[in-house]
Amino acid sequence: MGFRVKVEGLDTIELGVENILTVEFETDTPNDSNARSTDLGTSLIVKGKILTAVDGEEADSTIKLAQWSLVPGDIANCYRKVTVDVISASQVVRQIILPNAFVVDYTEEYGDTEGVGTFYLHMKQKKDKMASIKLEGGFQE
């Protein structure tokens, strides 16, 4: 199984199967509700590797993720379209599109033995745009 992540805004961030380790999709409602709540939230959590460019390769886009995480909430570019493809056996098992996603948390970790860093990206969909989320799947790459 592999993952692709594309973030579209003023610039485009693309991460492929070599970068992404795990993807989590979460839908959250208040736990103290006695009926289906209208207070719905959706999160995407992506964990992956920060790769080093070798032999003239282009550097990966993880630096752009870190830069996006620093955009303040009063600037429109803090909201971006995020597309995640979950791929297995040349099929897109799930395609998740959050058209107005923003960064909740972003972390990078480095170690002296791994040789590569890791990142953690937690995104949410803007609350008033929940109806725009698309979940699809079962089609060829």
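Residues numbered from 1 in each chain as written. Predicted model: local features only at pLDDT ≥ 70, side-chain atom pairs only at ≥ 80, totals over all residues. Heavy atoms only, no water.

## As for the environment of Lys134
Operational definition: Secondary structure is summarised from DSSP: a helix means a run of H or I of at least four residues, a strand means a run of E of at least two, and numbering begins at the N terminus for each. Here the term buried applies to any residue with accessible area under 20% of the maximum for its type, exposed to any over 50%, and partly exposed to those in between, with areas from a 1.4 Å probe on protein chains only. When checking whether two residues touch, look at their non-hydrogen atoms; a contact exists if any pair is within 4.5 Å.
With respect to the secondary-structure elements, Lys134 resides in strand S8 (residues 134-136). Judged by its relative accessible area of 45%, Lys134 falls in the partly exposed class. Lys134 sits 38 residues away from Ile96 along the chain, and the two C-alpha atoms are 5.9 Å apart. Residues contacting Lys134, with those up to four places away along its chain left out, are Gln95, Ile96 and Ile97.

## Some points on helix H1 (residues 62-69)
Counted only if it meets this: The arc refers to the directions leading from the helix axis to the C-beta atoms.
All of the buried residues in H1 are Thr62, Leu65, Ala66 and Trp68. Down the axis of H1, the smallest arc covering the buried residues is 160°, so these residues share one side. Against the buried residues of H1 lie strand S1 (2-8), strand S2 (12-15), strand S4 (41-50), strand S5 (80-88), strand S6 (91-109) and strand S7 (117-125).

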